[in-house]
Amino acid sequence: MEGGKVLISGGGIAGLTLGILLKEKGYEPTIIERDPAIRTEGYVIDFFSTGWDVARRMNLIGELRKIIYPIDSLEYVDADGRPYLSLPIESVRNALDGEYTYMQRSDLERVLFDRAKTVGFSVRFNTTIKSLEENVSEVVVTFQNDTKESYALVFGADGVHSRVRELTFGPESQFDRFLGYYVAAFHIEHHHYNIGRSLAIYEEPNRSLWVYSLGENRLSAIYVFRHKNIGYVPPAERLPLLQETYCGAGWLAENILADFPATQPIFFDSATQIVMPAWSKGRIALLGDACACLTLLAGQGSHLAMAEAYVIAQELERHGGDYRTAFAAYEKTLQAVTKKKQRDAIRISKFFVPSKRSFVPLRRLLQKTLFSNLLIRYGLEIFGLKSALSGYQ
Ligand SMILES: Cc1cc2nc3c(=O)[nH]c(=O)nc-3n(C[C@H](O)[C@H](O)[C@H](O)COP(=O)(O)OP(=O)(O)OC[C@H]3O[C@@H](n4cnc5c(N)ncnc54)[C@H](O)[C@@H]3O)c2cc1C
């Protein structure tokens, strides 16, 4: 099978990247997305190494470089908002020979979505899969509205709580690995905080807050805190849970939550990895957070999501559409590096946010050392600087 109709569930970074690359190789991709539109909310992502490598191969770097926010430095601040450590973004960029940028996750999705329109396929919004049935020549997909369509291949790029994974491999509980944190992120319009031009991080035992300006009087806040696993938190319970968790916290942590309108959406999820022995079964394959979620603690989930899409498309082309061989090569190319990054994230989870036992002066000294101009490249090595596709054609 070369070319042919393929279905991609999930219009995030993984799904859009795969759709573009498969379309360019002669396939007919259909992307379905549960949400009514491409997301505009989210959080900041660092973009370098593997992500940069794939974006360059896709000729997207020019578009990504155009995304600019009023952020000149990363600053750690104390309970009164006074910086005790400042790292110019330019130092990070120089340490990575200019191959670094940052953006909102939604920016990357918008750039990919625009490219998808250029290469000539669209995304079907408000659509999800009800069931999947594979036979010898195709996968019959039943959508939520009970319509049926057949596809040569089906891809699950539908994130950490993937529906395709559940239908194909079974419940999430078989594959999830909770890292002990929850993450909440949201935007505030018309704020009155003077946060300047830095991505400011405030931390205290078991809870932290990242704040930065999006320009035009918009602010983005990310709360990362240790918590026992309480599973899915419904939207109505998110703000009260944050307010309870950050009660008495310093800097802007309580004020921002007090100002946040209760009706606005909050991204809220646990930091949970997905660890699977196999990423494909027959004509169905997973990619991105659906099979290889690293969590924000590893900082490169979007990079790997793009790399996985890239390798799937390359291997399908290389093997003339022989999906069994292509999927085996895909897993062989990226399983080991993913597992390593997942192990790294577990190590990072121990100190990502200080614990009650952390010795603050020592922690700050280590941060100053790792983020010094001299050692920043070494500091970034914690997240892995070599592209996962280095040497891969
Ligand atoms: C706070 C935070 C900070 C992060 N920072 C970084 C960083 O600095 N660098 C980095 O590289 N990565 C970072 N990550 C990780 C990165 O955001 C993810 O790894 C990446 O978004 C995964 O992309 P994806 O397309 O696989 O999944 P997702 O982004 O989850 O996209 C899945 C898509 O599928 C859709 N969907 C879900 N279910 C269904 C369904 N049943 N049917 C149809 N569609 C469905 C969703 O609406 C969504 O559009 C961070 C993550 C967090 C939470």
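Residues numbered from 1 in each chain as written. Predicted model: local features only at pLDDT ≥ 70, side-chain atom pairs only at ≥ 80, totals over all residues. Heavy atoms only, no water.

Asker: Help me understand the packing of aromatic side chains in this model?
Answerer: Under the definition given, this model contains 20 aromatic pairs. Their ring planes at 80° and their centres at 6.2 Å tell us that Y181 and F352 sit as a pair that is edge-to-face. Here F352 lies in the loop between α11 (323–349) and α12 (360–370) and Y181 lies in strand β12 (residues 176–189), a separation of 171 residues in the sequence. Overall, Y181 belongs to the buried group, its relative accessible area being 1%. (Phe/Tyr/Trp six-rings, centres within 6.5 Å; stacked < 30°, edge-to-face > 60°. Helix = DSSP H or I, 4+ residues; strand = E, 2+ residues; numbered from the N terminus. Buried < 20%, exposed > 50% of the residue type's maximum accessible area, 1.4 Å probe, protein only.)

Asker: In this structure, what is going on with the site of the ligand? I would like to understand it.
Answerer: Around the ligand sit 32 residues in total, of which E33, Y43, D46, G299 and S302 are the nearest. Measuring from an oxygen atom of the ligand, one finds a backbone N or O atom of A14 at 2.9 Å. Taking E33, its side chain carries an N or O atom lying 2.6 Å from an oxygen atom of the ligand. Contributions of two or more residues to the shell around the ligand are made by α1 (13–24), β3 (44–47) and α10 (301–318). For the shell around the ligand, the residue count by class is ten nonpolar, 13 polar and nine charged. (Near = heavy atom within 4 Å. Polar contact = N/O pair within 3.5 Å; in protein donor to acceptor, adjacent residues only side chain to side chain. Nonpolar A, V, L, I, M, F, W, Y, C, P; charged D, E, K, R; others polar.)

Asker: Looking at this model, I keep getting lost on α11. Mind explaining?
Answerer: Because each turn of an α-helix spans 3.6 residues, side chains separated by three or four positions in sequence point in the same direction. Compared with the 39 Å implied by 1.5 Å per residue over 27 residues, the 36 Å span of α11 between its first and last C-alpha is a close match. Of all the bends in α11, the greatest, near 35°, is centred on L334. The N-cap residue of α11 is D322: its side-chain oxygen and the backbone nitrogen of R324 are 3.2 Å apart. (Expected span 1.5 Å × (residues − 1). Bend = angle between axes of the 7 residues up to and from the residue.)

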